[in-house]
Amino acid sequence: MPETRTPRDADVPFPAGALERRPGRVAIVAVAPRSRVARIAIAIVAIVAAVVLWGTGYVYRPLGPDDGGAVASAAPAPGSPARLRSERDKLAATLRRKTPSGHYIVVDQTNNRLYLKRGEETVLSAVCSAGSGMVLHEGEGGRSWIFDTPRGAFKVRNKIENPVWRKPDWAFVEANEPIPADPSERLEYGSLGEYALYLGDGYLIHGTLYERLLGRSVTHGCIRLGRDDLRQVYREVRIGTPVFIF
Amino acid sequence: MTLAIRRSVTPAAGTLAVLLVVATHAPASAEDPASEAADLARSIASLRGQIELASGDAFYLLLDPAGATLELVLHGVVLESYPVSSIEVGRPRVVYVEGGAADGLRDRIWTHGEMHPVREQDRLEIRVDEDNPAPEEIPVPPTPEERYPAPDRWLVRYAEGLSLQVVAADPAESSSFGLWSALTHRAGDLAAALFGDRGTRVRVELAREDAGTLYRSLPPASSLLILPGESGS
């Protein structure tokens, strides 16, 4: 009977320390270079690579007064210091006038925070809810709505006590209900809370029946506030109060 | 005799006192007028830039090294202000050769800011018709932190290769995880220097919570203006 030789018995010289092949397994065989020259070459390449990589990247240092501008290295500025100081003061005053002197509202719609400010002071920091970003499609090929809260600068256009919600079409589509022909069937009482501030284009700051969801982006675009915070905001702002949403 | 001495000493002492008062209260702007004019010119350029930004409808960031703040602004109104613990300028280096330019960081408005990594928004889409009735309950969305987990470091890339890197202050840097994190960031810097825009980078360190808040809320395409002054002044 001829001698049966398994692969491991074959006369294939394995270097010392190599793993044996076993049926059904994939073995990684580490082959060390035999030649001393090869080992030295590999070591040199590794050292050079390390040095090159160490010398590559971003080098940081503290921002200094000379970092920056073209003005810093330009020719001396025209005009006497007194004239330049006057110009600087006028520009600074122009910039200061941009900040509202009275109350204004700032809404961070992603982090769901609302701030009532007066000058540089924060009068109220409140948790709110902004638009969910959800997309509603009315069947196939029908209308679509995206429930985002818009970013930008707005003003309080109207203040409303005990607001009544006049439900738009999407509210019926979302509930899979027929859109009523009678306008009075669109009216819903109590769901907007005790007060509302109208910002234009159908967007409001109003109350909610679901205060447990405050802090999450759940609305159809409006800003919802808790009852106590809404009361304070309503009492302190006036028609024309700026509202900034980012 | 004593009275005569007092009379002769007092006028001299008084003159000396007046001279001392004048010397100590001399205006600090007895500095070089050219240097003062240059400083004023920088301030004027910066204010003009701020007024230009305030006149537009886009959001922008103001980095104030002297006040150590990074502010989000619209129409000249500060919406959010974040204390900054360090501000550094980074220049790309390839095999020890530095690139990028240190000039032009402050007098220009950095425009077309794009965040990296991008803040992906997953929108829930609902189609309602006869075959697809309205869901009984729409799932409660995650919190802002769950929806947009903020990385330790993120970048805003602007036109002309400039970038702003925001780093969250992390006391865990000394741990083994912190070491791995540092190595990962080093690899990122290396890749950016080799394959990126190779422009100058300004790196700011914010408190962890602030870095996350800003990452989630920074409006797209925000601009940036760096004010005069040095960090720590």
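As the structure is a prediction and not an experimental result, all values here were calculated from the model. (Residues numbered from 1 in each chain as written. Chains lettered and ligands numbered in written order. Predicted model: local features only at pLDDT ≥ 70, side-chain atom pairs only at ≥ 80, totals over all residues. Heavy atoms only, no water.)

Novice: I tried to follow the overall build of chain B on my own but got confused; where do I start?
Specialist: Per the secondary structure count, chain B includes five helices and 10 strands. Residues classed as buried in chain B amount to 40% of the 233 residues present. Expressed as a percentage of contacts within chain B between residues at least 6 apart in sequence, the contacts between residues at least 24 apart total 69%. Summed over its atoms, the accessible surface of chain B is roughly 12400 Å², and 58% of this surface lies on carbon and sulfur atoms. (Helix = DSSP H or I, 4+ residues; strand = E, 2+ residues; numbered from the N terminus. Buried < 20%, exposed > 50% of the residue type's maximum accessible area, 1.4 Å probe, protein only. Contact = heavy atoms within 4.5 Å. Areas by Shrake-Rupley, 256 points an atom, 1.4 Å probe, with all protein chains shown as cover.)

Novice: Teacher, can you tell me more about the state of the cysteines here?
Specialist: All names here are of chain A. Evaluation of the coordinates by the stated rule reveals zero disulfides over all chains. Not part of a disulfide, C128 finds its nearest cysteine sulfur in C222, a span of 12 Å. Residue C128 is classed as buried on the basis of its relative accessible area, which comes to 0%. With a relative accessible area of 15%, C222 lands in the buried category. (Disulfide = S-S within 2.5 Å.)

Novice: Quick question: what am I supposed to make of the interface of chain B and chain A here?
Specialist: When the parts of a complex come together, some accessible area is lost, and that lost area is often taken as the interface size. Contacts between the two partners involve 81 residues from chain B and, on the opposite side, 68 residues from chain A. Carbon and sulfur atoms make up 60% of the area that chain B and chain A hide from each other, which totals about 6600 Å². The interface formed by chain B and chain A holds three salt bridges in total. E36 of chain B serves as the salt-bridge partner of R85 of chain A, at 2.9 Å between the closest nitrogen and oxygen. Remark: the boundary between chain B and chain A carries 27 residue pairs in polar contact (both at pLDDT 80 or more). (Buried area = accessible area lost by both parts, 1.4 Å probe. Salt bridge = Lys/Arg side-chain N within 4 Å of Asp/Glu carboxyl O. Polar contact = N/O pair within 3.5 Å; in protein donor to acceptor, adjacent residues only side chain to side chain.)

Novice: Even after reading the chapter, I still don't get the sheet that holds strand 5 (residues 135-138) of chain A, so can you show me in this structure?
Specialist: As a general point, the strands of a sheet are linked pairwise by backbone hydrogen bonds and lie either parallel or antiparallel. Reading across the sheet, the three strands line up as 6(A)-5(A)-6(B) and stay open at both edges, with mixed pairing between neighbours. The sheet is open, and its two edges are formed by strand 6 (144-146) of chain A together with strand 6 (125-128) of chain B, each paired on a single side. With strand direction ignored, the average angle separating the axes of adjacent strands in the sheet is 15°. Pairing of strand 5 of chain A with strand 6 of chain A involves three bridges; the strand directions are antiparallel. (Pairing = 2+ DSSP bridges. Axes fitted to C-alpha atoms, helices over the stretch in contact; angles between N-to-C directions.)

Novice: Help me out: how do you make sense of the nonpolar core in this one?
Specialist: The nonpolar side chains of a soluble globular protein tend to be buried, and buried together. Grouped together as the largest cluster of nonpolar side chains are 37 residues, with contacts concentrated most on L61, L63, W154, L164, V202 and V204 of chain B. The element best represented in this core is strand 3 (residues 77-94) of chain B, accounting for six residues. (Core = buried A, V, L, I, M, F, W, Y, C linked by side-chain atoms within 4.5 Å.)

Novice: Help me out: how do you make sense of the side chain of T213 of chain B in this one?
Specialist: Following the sequence through the fold, T213 of chain B ends up in helix 5 (residues 208-217). Residue T213 of chain B is classed as buried on the basis of its relative accessible area of 14%.

Novice: Help me understand the sheet that holds strand 4 (residues 121-129) of chain A, please; the structure alone is not making it clear to me.
Specialist: Residues and elements named next belong to chain A. Read across the open sheet, the nine strands follow the order 7-14-2-3-4-13-12-11-8; overall the sheet is mixed. Looking along the sheet, the strands with just one partner apiece sit at the ends: strand 7 (152-155) and strand 8 (158-161). Strand-to-strand twist across the sheet, computed as the mean angle between neighbouring axes with direction ignored, equals 25°.

Novice: Which parts of the structure should I look at to understand unusual backbone geometry?
Specialist: Glycine aside, the phi torsion of most residues is negative, and most peptide linkages are trans. A cis amide bond, omega 0°, links H116 of chain B with the succeeding residue P117 of chain B. When you line up the elements, P117 of chain B lands in the loop between strand 5 (114-116) and strand 6. The phi dihedral of D201 of chain A is positive, around 55°, even though this residue is not glycine. Looking at D201 of chain A, the relative accessible area reads 72%, which means it is exposed. Even without being a glycine, A221 of chain B presents a positive backbone phi close to 60°. Summarising the element assignment, A221 of chain B is placed in the loop between helix 5 and strand 10 (223-226). Among the residues examined, A221 of chain B registers a relative accessible area of 47% and is labelled partly exposed.

Novice: What should I look at first to understand the pairing of strand 3 (residues 113-118) of chain A in this one?
Specialist: Taken residue by residue, a regular strand's side chains alternate between the two faces of the sheet. Residue and element names in this part refer to chain A. Direction of pairing for strand 2 (residues 103-108) relative to strand 3: antiparallel, over a ladder of six bridges. Looking at the pairing, H103 lines up with R118 of strand 3. The hairpin turn running from strand 2 into strand 3, its antiparallel successor, is four residues long, and N112 in that turn takes a positive phi close to 55°. By the bridge criterion, six bridges tie strand 3 to strand 4 in an arrangement that is antiparallel. Across the sheet, K117 pairs through a bridge with T122, a residue of strand 4. Here strand 3 folds back onto strand 4 in antiparallel fashion, the turn holding two residues, of which G119 has a positive phi close to 65°.

Novice: Looking at this model, I keep getting lost on the pattern of salt bridges. Mind explaining?
Specialist: Opposite charge on two side chains allows them to pair when their charged atoms are near. All names here are of chain A. A full pass over the atoms with the stated rule returns 17 salt bridges over all chains. Across the salt bridge formed by E138 and R143, the nearest N and O atoms sit 3.0 Å from each other. We classify R143 as partly exposed; its relative accessible area is 37%. Connected via shared salt-bridge partners are E138, R143, D169 and R186.

Novice: Before we go on, may I ask you to explain the pairing of strand 11 (residues 195-200) of chain A in this structure?
Specialist: Residues and elements named next belong to chain A. Where burial is concerned, most of strand 11 is hidden: five out of the six residues are buried. Pairing analysis gives four bridges linking strand 8 to strand 11, with the strands arranged antiparallel. The residue of strand 11 that forms the bridge with N158 is Y198. As judged from the four bridges shared by strand 11 and strand 12 (residues 203-206), these two strands associate in the antiparallel manner. By the bridge assignment, Y198 is partnered in strand 12 with L204. The hairpin formed by strand 11 and strand 12 contains two residues between the paired strands, and D201 there has a positive phi angle of roughly 55°.

Novice: Explain the side chain of D108 of chain A to me, please; I cannot follow it from the model alone.
Specialist: Mapped onto the elements of the fold, D108 of chain A is located in strand 2. Within the buried set, D108 of chain A has no salt-bridge partner at all; the shortest N-O distance to an opposite charge, 7.3 Å, is to R113 of chain A. Reaching out from D108 of chain A, the side chain makes a polar contact with the backbone nitrogen of T110 of chain A at a distance of 3.3 Å. Look past the residues within four positions of D108 of chain A in its chain and what remains in contact with it is R113 and F246 of chain A together with T213 and S217 of chain B. (Lys, Arg positive; Asp, Glu negative; His and termini not counted.)

Keep in mind that these numbers describe shape and distance, not what the molecule does.
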